[in-house]
Each structure stands twice: as C-alpha cells, then as structure tokens.
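Spelled out from the first residue to the last, the chains are:
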Amino acid sequence: MGTVYTKDKATGQALSLTLAGEPVVDLKADRTITMDARLGKEVKVATPKESQSSQYKLGYRQQLPGKRGIDYMKGTSSLFAKHVYAVPTAPVTDGTFEFNFQDRRYSPVIRASYAGQGGALPLTPVTYAAQLYGSSKLQAVDAGTGRPEDLADKDLDGKLAVVTRDATLKVVDQIAAVAGAGAKAAIIVNDRPGVYATIVPRVTGTAIPAWSLTQDEGAVLFGRMTDGPTRINLQGIKKNPYAYNIALMVPGGIPADPTDAVTTENSAVVKAHYRGTKGTLIGDTTSAIRPGESFITQLVDFYDAPVDREEWYSTGSKWPTMKDMRWFHTVYPDRNDIAISMKDLIRNYSPREQREETWLGAANGPSGPETTLAYRDGDKVTLNMMDMGDSQPGHYAYFTEYGGTTSTVRLYQDGKLLKEQGWFSLTTLPVGPDPATYRITMDTEHPAWFPLSTKASTAWTFKSARPANGKEDLALLWPRYGLDLDAENTTQGGNTYQFDLSFVLQNGATPDIDGVEVEASSDDGATWQPAKVKSKSVRGYKVSVNNPASGYVSLRIKAQDTNGSKIEQTLIKAYAVR
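Remember, predicted model here, so these are calculated numbers, not experimental data.

Undergrad: Please give an account of the pattern of salt bridges that cites residues and values.
TA: Working definition: two side chains of opposite charge can pair if their charged atoms are close together. All chains considered together, the criterion is met by 34 salt bridges. Ionic pairing is found between Lys-573 and Asp-524, a salt bridge with its closest N-O pair at 2.7 Å. On the criterion of sequence distance, the pair formed by Lys-573 in strand β42 (residues 566-577) and Asp-524 in the loop between β37 (513-521) and β38 (529-530) is long-range, its members being 49 residues apart. For Asp-524, a relative accessible area of 40% corresponds to the partly exposed category.

Here it is as structure tokens:
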C-alpha cells in the first residue's frame with residue numbers, strides 16, 4: 001500500500017493524492033504490483049454548509065497475525081491538492097485492516113466573480129496576507145509589477161490592484177507598494193504557466209487583502225480590463241465562520257464508495273470564542289486521536305482574532321466511531337512563535353452534543369485543578385503546575401518554556417524553603433510525615449506580546465500530613481473569575497464594574513469559604529483600592545470595582561476556607577477598560 005501523487009505538468013505541484021495497493025500479498029515468487037491512481041474513487045465528506053479543505057490525512061492501519069502492525073498516515077495542506085482518492089480493495093479477512101481519512105474544512109475565505117459580466121475568478125489566498133471580511137465590489141486596475149514607474153500614473157485609490165509576479169521582487173513588497181498607493185486589495189498574477197500560490201511572512205502579514213491567480217486566468221482578467229472598466233465582486237469571510245473536523249475509520253478494507261456526510265445527527269457542535277486585541281493573528285490545530293494512537297502530526301491554521309466560530313466534530317454516519325474518537329485542540333496565540341501554545345484537555349464528543357468554550361479569555365493566571373497535578377503519596381509530594389490558563393477550565397499552557405516568560409516556583413514546609421526552581425513539571429519532593437502547613441508560590445512575568453496578566457503572583461497555603469491510605473490531592477484553593485468582557489477582553493471604563501468570583505479545591509469539591517478580600521489597581525499595582533465583595537450564594541461572590549476611564553485593571557484577591565487552605569493571587573493587567 002502507498003500513495004500516488006498526480007502532479008501539475010508545469011510546476012510539479014501535487015494536484016491530488018491517491019491511496020492504492022493491495023493490503024495482503026502472498027509472495028511465493030517475484031511479482032509486480034501496480035498502484036494505479038486512475039482506479040481511485042474520490043473520498044468525499046459532504047458538509048451542511050459550503051466548505052473548503054485546509055488540510056487532510058489519508059492512510060490505513062493494519063495488523064497481520066504474528067506480525068508487527070502498520071500505521072500509515074499521509075498528510076497534506078497543499079493549496080492545490082484538494083482532491084483525494086482511494087482505490088477500493090476486496091474485504092480484508094487476514095488480520096485487521098482500517099482505512100483512515102481525516103479532513104479539516106472551513107467556511108470559504110474568498111469567492112470572486114466578474115460584476116455584470118458573469119464568470120468566476122478563481123482566486124487563491126496569499127498565505128498570511130490580510131483577509132477580506134464581508135463583500136466588496138472593486139474596479140480592477142493593472143498595476144504592472146508594482147514598481148514606482150508602474151504606479152506613477154495609476155489611480156489605485158480604493159481599487160483592486162492587479163500585479164504581475166516578478167521573480168526579482170518579493171511578493172510582500174509588491175503588495176506593500178500598491179497598498180501604499182491606495183489600493184484596497186491586490187491580486188498577484190503568475191508570470192509563468194501552471195498552478196500558483198504564494199506566501200508572505202507570517203510575522204508581518206500585509207496591510208491589505210491579497211490573492212493569487214494563475215497566468216491563464218490572469219490573461220482572461222487582463223483581457224477584460226483591456227476591453228473596458230472591469231469590476232470584481234469579492235465575497236470574503238462571512239459574519240459567522242465555521243469549521244468541520246472530520247475523521248473516518250473504516251474497518252475491513254477500502255470501501256467501493258468512500259463517501260459520507262456531516263450531519264446534525266452524527267456531529268457535536270462547539271461554539272468557540274477566540275479572544276484577543278483586534279488585528280491579532282492566532283493559529284490553531286485540532287487533531288483526531290484514534291484508539292491506540294501513539295503519534296500525531298499537526299499543521300497550524302492561522303486566522304484573525306477576535307472571532308466567534310462554530311466548530312463541528314464528526315465521524316460520519318456510515319462508519320460511526322464518535323464513542324471511540326477523541327479530539328485534541330491547541331491554540332497558538334503568538335504569531336511570531338508557534339512553539340508557544342495553549343492546549344485543551346483531550347475530549348470525547350457524542351453525536352448531537354452542544355458545547356461552548358472561550359479561548360484566551362481573561363483572567364489569565366495559573367491553569368486550574370483540571371490540568372494541575374498536586375497530590376501527596378506517603379511522604380512525597382508531586383506537582384505539575386502550568387503557569388498560564390484562561391477563563392475556560394481545562395485550558396493550560398507552559399508559557400515559561402518559550403517566548404521570554406520568566407517563572408519562579410517555591411515550596412515551603414512550616415516556613416522552611418524546600419525547593420525553588422523555574423516551574424514544577426512532574427516534580428516529586430520528599431516532605432515530613434507529621435502534620436504541617438505548606439505553601440506553594442508561583443511568580444511569572446510575561447512579555448508584551450500577551451497583553452494581560454503581564455505579572456502574576458499566586459500563593460497557595462494548605463495543611464497536609466501523611467495520608468492514611470494511598471495518595472490524596474493537596475488542599476489547594478483555586479479562584480474562578482467570572483469576568484463579563486467583550487471579544488477583546490475589555491469592558492467599559494469610568495463606571496462600577498461587577499464580576500463573579502468563586503472557588504474550587506484541587507479535588508473539585510466546593511470549599512466552605514470563610515473570608516474573601518479583593519483589591520483593584522489602575523496603575524499596575526503601584527496603589528490598591530479595596531473592592532466591594534458581596535456573597536451571592538453559598539458558592540460564590542459578587543465583586544464591584546470602580547473602573548478607570550481607560551487602561552487596565554489589576555486584581556489582588558485573598559481567600560481562605562474553614563480547613564485552613566488559603567489563596568492569594570495578584571494579576572497585573574487582569575483586564576482592559578476603554
């Protein structure tokens with residue numbers, strides 16, 4: 001078994017991928033096996049709304065009796081290889097065989113046509129260029145290669161600049177040139193035959209939306225422009241974007257009809273909210289985790305934040321495996337460094353399940369008990385504590401490993417320092433057997449690329465003794481902030497702002513709180529003012545803060561329960577006001 005690429009003759013770029021071969025071959029003599037992509041059947045999964053593939057994986061898993069297993073998965077994120085095929089096989093009865101296909105599809109990012117003249121204009125997005133939102137109708141203007149002499153007598157103000165690719169120039173510079181001349185968007189036309197896509201640096205992006213066009217389609221466009229004024233209808237990203245995460249596991253061989261459909265009956269739907277300052281570019285990956293999975297590869301898709309998106313998870317209807325499939329979602333908040341990421345717990349979804357989640361929402365302190373290990377086994381304490389979380393329980397990150405974040409953690413027993421290091425990562429430490437008061441502190445400082453919780457200090461105080469039986473969770477007390485903020489983690493300034501505050505223990509239980517204090521600062525912690533704290537119920541509190549007219553609000557909280565557990569936390573720049 002293997003994969004066959006069908007390639008563009010002019011460029012050698014793959015246009016399609018086909019899985020072909022014979023799952024079981026009984027070799028008793030020399031034999032030739034032909035993998036004929038022409039026999040392939042297209043693997044298609046229909047979606048409720050129009051969608052386009054961003055990346056897919058194609059492969060199989062096989063286990064023959066008494067032999068080592070095979071797990072083959074070929075992935076691609078090509079802008080051209082949008083069609084995938086598989087050659088059907090006879091049923092595999094010797095051992096086990098499983099055909100696999102995974103796809104991540106999105107709402108279209110661009111659709112273009114000639115206004116009043118008819119005919120589609122097949123644009124390909126320039127990777128990492130600015131995106132178009134909503135619809136627009138622009139007059140196309142020939143901007144040459146974008147050199148100063150090409151633009152000297154051209155009126156590009158509010159127009160669609162049609163630029164011819166020049167291998168001696170950087171595409172990002174060509175786009176910048178027409179943007180500087182007032183163009184509202186740009187099309188880069190290839191200067192040679194074959195399929196064409198291009199890219200600009202992720203760190204800089206572009207000031208205006210940009211797309212590419214093949215030489216042949218560009219000739220049609222230039223011809224229409226020569227005949228007279230040509231306006232282009234552009235439909236960019238719509239108000240409510242969506243994504244489809246699809247994973248098929250087909251037992252017994254490659255089927256004769258490898259098609260299926262995503263439906264409301266076989267899917268889970270998550271309403272995801274991605275928070276951030278307007279203009280922020282973030283990325284994410286969602287991987288399907290099959291039973292027995294030992295290794296995955298991930299390709300990052302980038303998009304503008306803030307954004308709300310509907311995300312579907314499906315294994316189809318013909319070979320449903322939702323009960324067995326798990327999903328791993330990761331967000332990359334720093335466009336400069338994809339080594340920095342925030343992850344979610346690996347989740348299993350059920351058909352028709354509905355869920356809502358928020359990514360990168362304030363407040364941002366150490367991730368909560370769902371992703372923290374803090375337990376005692378005999379006279380040893382084990383700690384695994386992530387320095388960054390967000391408003392969604394289950395999200396966690398080690399920003400300390402990358403990106404300039406600094407961190408110091410300490411463990412004390414009855415006031416004596418037992419350990420100090422950068423962070424606790426599956427750290428096991430010996431402690432005394434007798435009852436004692438322990439204190440864990442974590443102090444972090446984040447660089448400017450992440451604008452909130454630029455400094456965070458957290459201290460957990462708790463009592464512990466040798467457990468009578470086995471291991472037990474440490475009695476860490478965790479805060480839960482219910483900040484009602486907009487998509488940019490901001491709220492209105494110059495008024496009284498109220499938010500919910502509650503607490504949970506490391507083992508998930510609700511503590512019996514007997515004291516809460518909250519202070520707020522509008523000068524990054526130089527001065528503090530007490531906030532009003534009102535008991536809302538047995539489970540939480542309502543906090544009132546006087547917001548400044550603009551800037552940031554820092555928060556400092558103290559709380560304790562009736563068993564002696566305490567939490568003290570300071571978040572500098574907890575949220576923004578304007």
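Undergrad: So what's going on with helix α2 (residues 171-180)? Residues and values would help.
TA: Buried within α2 are the following residues: Val-171, Val-172, Gln-174, Ile-175 and Val-178. Burial along α2 is one-sided: seen end-on, the buried residues are contained in an arc of 160°. In this fold, the buried residues of α2 make contact with α1 (148-151), β12 (160-164), β13 (185-189) and β14 (210-213). In the segment just after α2, Gly-182 is the residue with positive phi, at about 105°.

Undergrad: Residue-level account of the sheet that holds strand β27 (residues 395-396), with values.
TA: Sheet strands pair by backbone hydrogen bonding; their relative direction is either parallel or antiparallel. Pairing within the open sheet is antiparallel, and its 5 strands lie in the order β20-β19-β22-β23-β27. The open sheet has two free edges, formed respectively by β20 (301-305) and β27, since each of these has just one partner strand. Inspection of the sheet shows strand β22 (residues 326-332) paired to strand β23 (residues 342-344) by 2 bridges, in the antiparallel sense. The partner of Val-331 across the bridge, within β23, is Met-342.

Undergrad: Quick one: what's the story with the packing of aromatic side chains, residue by residue and with numbers?
TA: Taken as a whole and judged by the stated rule, the model has 18 aromatic pairs. Taken together, a centroid distance of 5.5 Å and an interplanar angle of 55° make the contact between Tyr-244 and Trp-312 tilted. Of this pair, Tyr-244 sits in strand β16 (residues 242-251) while Trp-312 sits in strand β21 (residues 307-314), and the two are 68 residues apart along the sequence. Residue classification places Tyr-244 among the buried positions, given a relative accessible area of 0%. Arranged with centres 5.7 Å apart and planes meeting at 70°, the rings of Phe-399 and Phe-450 form a pair that is edge-to-face. Of this pair, Phe-399 sits in the loop between β27 and β28 (406-413) while Phe-450 sits in the loop between β31 (436-445) and β32 (455-464), placing them 51 residues apart in sequence. The class for Phe-399 is buried, based on a relative accessible area of 1%. Residue Phe-450 is classed as buried on the basis of its relative accessible area of 6%. One Lys or Arg, Arg-309, reaches over the ring of Tyr-303 and ends 4.7 Å from the middle of that ring.

Undergrad: So what's going on with the environment of Arg-410? Which residues, and what values?
TA: Looking at the element boundaries, Arg-410 is found in strand β28. The sequence separation of Arg-410 and Gly-283 amounts to 127 residues, and the corresponding C-alpha distance is 33 Å. Every residue in contact with Arg-410, bar those within four places of it in the chain, is listed here: Leu-417, Lys-419, Glu-420, Phe-424, Arg-439, Ile-440, Thr-441 and Asp-443. Side-chain polar atoms of Arg-410 contact the side chain of Glu-420, separated by 3.2 Å.

Undergrad: Please provide a residue-by-residue account of the side chain of Thr-444, values included.
TA: Along the chain, Thr-444 falls in strand β31. Look at Thr-444 and you get buried, because its relative accessible area is 5%. Once residues within four sequence positions are removed from consideration, Thr-444 is found in contact with Asp-387, Thr-406, Ser-407, Thr-454, Lys-455 and Ala-456.

Undergrad: Can you lay out unusual backbone geometry for me, pointing to particular residues and giving the numbers?
TA: Cis peptide bonds are those with omega within 30 degrees of zero, and the linkage from Ala-305 to Pro-306 qualifies with 0°. Topologically, Pro-306 is positioned in the loop between β20 and β21. Omega for the bond connecting Ala-362 with Ala-363 falls within 30 degrees of zero, at 10°, which places this linkage in the cis form. You will see that Leu-426, though not glycine, has its phi angle at about 50°, which is positive. Along the chain, Leu-426 turns up in the loop between β29 (416-421) and β30 (427-430). A positive phi angle, close to 65°, is found at Lys-573, a residue other than glycine. Note on Lys-573: relative accessible area 17%, which makes it buried.

Basis of the calculations
- Residues numbered from 1 in each chain as written.
- Predicted model: local features only at pLDDT ≥ 70, side-chain atom pairs only at ≥ 80, totals over all residues.
- Heavy atoms only, no water.
- Salt bridge = Lys/Arg side-chain N within 4 Å of Asp/Glu carboxyl O.
- Helix = DSSP H or I, 4+ residues; strand = E, 2+ residues; numbered from the N terminus.
- Buried < 20%, exposed > 50% of the residue type's maximum accessible area, 1.4 Å probe, protein only.
- Arc of directions from axis to C-beta.
- Contact = heavy atoms within 4.5 Å.
- Pairing = 2+ DSSP bridges.
- Phe/Tyr/Trp six-rings, centres within 6.5 Å; stacked < 30°, edge-to-face > 60°.
- Lys NZ or Arg CZ within 6 Å of the ring centre and 35° of its normal.
- Polar contact = N/O pair within 3.5 Å; in protein donor to acceptor, adjacent residues only side chain to side chain.

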